[in-house]
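# Architecture at a glance
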Amino acid sequence: MSSRLTINYGLRYELPFPYAEQKNRQNLWIPGRQSVVFPTAPTGLLYPGDPGVPRGLIQTDKKAFAPRVGLAWDPTGGGKWLISSAYGIFYDPYYTGEGGRCRIR
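So, a few notes on the structure that sits alongside this text.

Rules used in this analysis
Residues numbered from 1 in each chain as written. Predicted model: local features only at pLDDT ≥ 70, side-chain atom pairs only at ≥ 80, totals over all residues. Heavy atoms only, no water. Helix = DSSP H or I, 4+ residues; strand = E, 2+ residues; numbered from the N terminus. Buried < 20%, exposed > 50% of the residue type's maximum accessible area, 1.4 Å probe, protein only. Contact = heavy atoms within 4.5 Å. Pairing = 2+ DSSP bridges. Axes fitted to C-alpha atoms, helices over the stretch in contact; angles between N-to-C directions. Phe/Tyr/Trp six-rings, centres within 6.5 Å; stacked < 30°, edge-to-face > 60°. Polar contact = N/O pair within 3.5 Å; in protein donor to acceptor, adjacent residues only side chain to side chain.

## Considering the overall build of the protein chain
- If you tally the helices and strands in the protein chain, you get zero helices and five strands.
- Along the protein chain, from the amino end to the carboxyl end, the secondary structure elements read β-β-β-β-β.
- Across the 105 residues in the protein chain, those meeting the buried criterion constitute 26%.
- Restricting to contacts in the protein chain with at least 6 residues of sequence separation, those with at least 24 account for 56%.

Quick look at the structure:
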């Protein structure tokens, strides 16, 4: 913008894949559903391979667009002071089977 004001901006796209356990020993709790992978499991416990349950237990979020913007301003113009600010949307995946959006019906 000027020698005293800098603006930067951008758009990041993330494709975070859910973590998957090597031997598919994770499970997911959905009340009222019975597992077909392990039919003797308690009602509500679902496993990878059950209808609608992917290997990582939750679907991959393909809409993870993350805008960023930053400002840096030198109020005096002498290079000794700097006021900066930034904003961004970040996706911190907690895809370990303990959380995340689950769209299984």
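## Quick word on the sheet that holds strand S4 (residues 64-73)
- Read from one edge of the open sheet, three strands run S1-S4-S5, paired in antiparallel fashion. Each of the sheet's edge strands pairs with one partner strand only, and the pair in question is strand S1 (5-14) and strand S5 (83-88). With strand direction ignored, the average angle separating the axes of adjacent strands in the sheet is 10°.

## A look at the packing of aromatic side chains
- The final tally for this structure, using the stated rule, is two aromatic pairs.
- Here Tyr-13 and Phe-65 contribute two aromatic rings whose centre-to-centre distance is 4.8 Å and whose plane-to-plane angle is 45°, an arrangement assigned as tilted. Of the two residues, Tyr-13 is situated in strand S1 and Phe-65 in strand S4; the sequence distance between them amounts to 52 residues.
- Look at Tyr-13 and you get partly exposed, because its relative accessible area is 41%.
- Where Phe-38 meets Tyr-47, the ring centres are 4.7 Å apart and the plane angle is 75°; that geometry is what we call edge-to-face.
- Using a relative accessible area of 41% as the deciding quantity, one classes Phe-38 as partly exposed.

## Digging into the pairing of S5
- Of all the six residues making up S5, zero are buried; the element is thus mostly uncovered.
- Pairing analysis gives six bridges linking S4 to S5, with the strands arranged antiparallel. Note that in S5 the partner of Arg-68 across the bridge is Gly-88.

## Side note on the side chain of Asp-74
- For Asp-74, the location among the structural elements is in the loop between S4 and S5.
- For Asp-74, the side chain forms a polar contact with the main-chain nitrogen of Gly-78, separated by 3.5 Å.
- Contacts of Asp-74, omitting those with residues within four sequence positions, involve Arg-4, Gly-79, Trp-81 and Leu-82.

## Focus: the environment of Pro-75
- Of note, Pro-75 is situated in the loop between S4 and S5.
- Note: C-alpha distance between Pro-75 and Leu-5 (70 residues apart in sequence) is 8.6 Å.
- Apart from the residues lying within four places of it in its own chain, the contact partners of Pro-75 are Arg-4, Trp-81, Leu-82 and Ile-83.

On their own, these measurements won't tell you what the molecule is for.
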